[in-house]
Amino acid sequence: MAPNPQILLILLPLLLSYTLTISSLSSPSPPLISPTKSPTSTSPSSSPSSSSRSTLDPKQLIALESLNIPTSKDPCFQPSLHNATLCNSDKPFRHLISLRLINCSDDVQISTTALKSLTTLQDFQFINCPIPTVHFPSDLISNLRSFTCIKSLKKLTGVWLGRLRNLTDLTVSDVSISASGPLIILGNLKKLKSVKISHANLTGYLPKKWHLNITHIDLSNNRLKGKVPSSLTLLSDLQLLNLSSNTLSGEIPESFGDLISLQNVSFSSNSMSGPIPDSMSEIPSLVHLDLSSNQFNGTIPKFISGMKNLKYLNLENNNFRGVLPFNGSVIKRLEVFKVGGNSNLCFNHTTVSSKLKLGIARCDKDGLPVPPPPDRSSDSGFGDDGDSSDDTADDNASDNSDQKDTHRHGPSKVVLGVAIGLSSLVFLIVFLVLLSKWCG
């Protein structure tokens, strides 16, 4: 019996519709595109209109021009991006109280006349200005409260810095200072609260006398030698002490705990020795303690685990011995914890997991470090085969999980494509068979 042509005409659109529907399901959906937001029309930032004549003192205006600082716009209202200026509110003319010179060109020369016009400055900063050191007039020295010199001022001397007697903040970094020691700089700065002299090739010994109002001391990356004087512990307001990367020797003073305001201390990369003083337990606000790369010895005191504010503890590369007095919860509470490089130090594997990778050996029953097996790499310096097997098993489990995820999500598109192709082929064959019978 020949198929009815009307039935074929009905089946043909249905077949095409079905094929198109299946194809649309197989193709990935286009990403949702959020409508592009047209930029909001904003009015220009309101800034004081510069008048034809600057409100800055004309003499200071000339001084800025001599320093190649643009003055077409009022420096008090629109300081340049690099050479920042701040002014007071004096009338009829305002005066500079802060000036930062950065990335000075080679032809910049600070004349005595210009400096005499800038005696109202309270903050003077030189950043990447390797120009010859200049002589500051006495009025400028008297008014200066903050001085910064970073990669600037050739042939800087301790005597020159020591003349800035009214400073409360001194920062000198990445510039060589010719001085017999820090005392020649700090001795006359009786109002100083914060000092940073770093990467300055500074030699000599730490001062034995300090002005009591100082709160921040950073003398890192120099060539200072000798012991840390006990007089340093009289600074009850001291919050930061960074003496790292020098050649200091001797022990931490026993009275170190008198620094009750101390939050950050670093003696790293020196040649200091001796134990951690018990008085350190009396510093309640200590957050950062770095004693790394010295010859400190003795046992690590248990009181450190009770210092609730401590977040950074670095004791690596020393000669500490005995059993690590911390459990796993104390170690995990710290943001940074380093004790590697102490060959006579070990951890109790019943209280500290080997997976923490501390860089020290586990203890035997006598509290001594267990030597690593001769056929294993000593990179980690601790742990047994069981720990390694556990770690390997965890890694394999993670890999298997990733593979399962791949099989679960990856092949679905391929299977769907094959099914669509087969369905389309079957319907096409059926259609051709019916069409051939109808035509025959």
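Note that the coordinates shown come from a computational prediction; the quantities given were computed from them, not determined experimentally.

Read across the sheet, 12 strands follow the order β1-β2-β3-β4-β6-β8-β10-β12-β14-β16-β18-β20 without closing on themselves; strand pairing throughout is mixed. A single partner strand is all that each edge strand has here, and the edge strands are β1 (85–87) and β20 (336–338). Neighbour to neighbour, the strand axes of the sheet diverge by 5 degrees on average, direction disregarded. Across five bridges, strand β4 (residues 146–150) lies against strand β6 (residues 169–173) in parallel orientation.

Further remarks concern the side chain of arginine 94. Tracing the backbone through its elements, the reader meets arginine 94 in the loop between β1 and β2 (96–102). A polar contact of 2.7 Å, which involves the side chain of arginine 94, links it to the backbone oxygen of asparagine 88. Leaving out residues up to four positions away in the same chain, arginine 94 has contacts with Thr55, Leu56, Asp57, Gln60, Cys76, Phe77, Cys87, Asn88 and Ser89.

So, on to the pairing of strand β8 (residues 194–198). Two elements, β6 and β8, share five bridges in a ladder whose sense is parallel. Residue pairing in the sheet places threonine 171 in a bridge with lysine 196 of β8. Judged from the three bridges that link them, β8 and strand β10 (residues 216–218) form a sheet pairing that is parallel. Its bridge partner being in β10, serine 194 is matched across the sheet by histidine 216.

A few words now on a positive patch on the surface. A contiguous patch of positive charge, built from Arg145, Arg163, Arg165 and Lys191, is present on the exposed surface. Structurally, the position occupied by arginine 163 is in the loop between α5 (158–162) and β6.

Counting 94 residues, the largest nonpolar core has Phe124, Phe136, Phe147, Leu170 and Leu324 as the members making the most contacts within it. Excluding its chain neighbours within four sequence positions, the residues that come into contact with phenylalanine 136 are Leu115, Phe124, Phe126, Ile141, Leu144, Phe147, Trp160, Arg163 and Leu164.

Averaged over all residues, the pLDDT of the chain equals 81, while 75% of them reach at least 70. Below pLDDT 50 for its whole length, residues 19–53 participates in 11 contacts with residues either more than four positions away or in separate chains.

Moving on, we get to the packing of aromatic side chains. Following the criterion strictly, the structure yields eight aromatic pairs and no others. Judged by centre distance (4.6 Å) and plane angle (35 degrees), the ring pair of phenylalanine 124 and phenylalanine 126 falls under tilted. The pair phenylalanine 124 / phenylalanine 126 is uniform in exposure class, with both members buried. Centre to centre, the rings of phenylalanine 136 and phenylalanine 147 are 6.1 Å apart; their planes meet at 80 degrees, and the pair counts as edge-to-face. Of this pair, phenylalanine 136 sits in the loop between β3 (123–127) and α4 (138–143) while phenylalanine 147 sits in strand β4, and the two are 11 residues apart along the sequence. We classify phenylalanine 136 as buried; its relative accessible area is 1%. Linked through ring pairs, Phe124, Phe126, Phe136, Phe147 and Trp160 together constitute an aromatic cluster.

Calculation notes
Residues numbered from 1 in each chain as written. Predicted model: local features only at pLDDT ≥ 70, side-chain atom pairs only at ≥ 80, totals over all residues. Heavy atoms only, no water. Pairing = 2+ DSSP bridges. Helix = DSSP H or I, 4+ residues; strand = E, 2+ residues; numbered from the N terminus. Axes fitted to C-alpha atoms, helices over the stretch in contact; angles between N-to-C directions. Polar contact = N/O pair within 3.5 Å; in protein donor to acceptor, adjacent residues only side chain to side chain. Contact = heavy atoms within 4.5 Å. Patch = residues over 30% accessible without salt bridge, like charges linked within 9 Å, V, L, I, M, F, W, Y side chains within 5 Å. Areas by Shrake-Rupley, 256 points an atom, 1.4 Å probe, with all protein chains shown as cover. Salt bridge = Lys/Arg side-chain N within 4 Å of Asp/Glu carboxyl O. Lys, Arg positive; Asp, Glu negative; His and termini not counted. Charge placed at Lys NZ, Arg CZ, Asp CG, Glu CD. Core = buried A, V, L, I, M, F, W, Y, C linked by side-chain atoms within 4.5 Å. Buried < 20%, exposed > 50% of the residue type's maximum accessible area, 1.4 Å probe, protein only. pLDDT = per-residue confidence, 0-100. Phe/Tyr/Trp six-rings, centres within 6.5 Å; stacked < 30°, edge-to-face > 60°.

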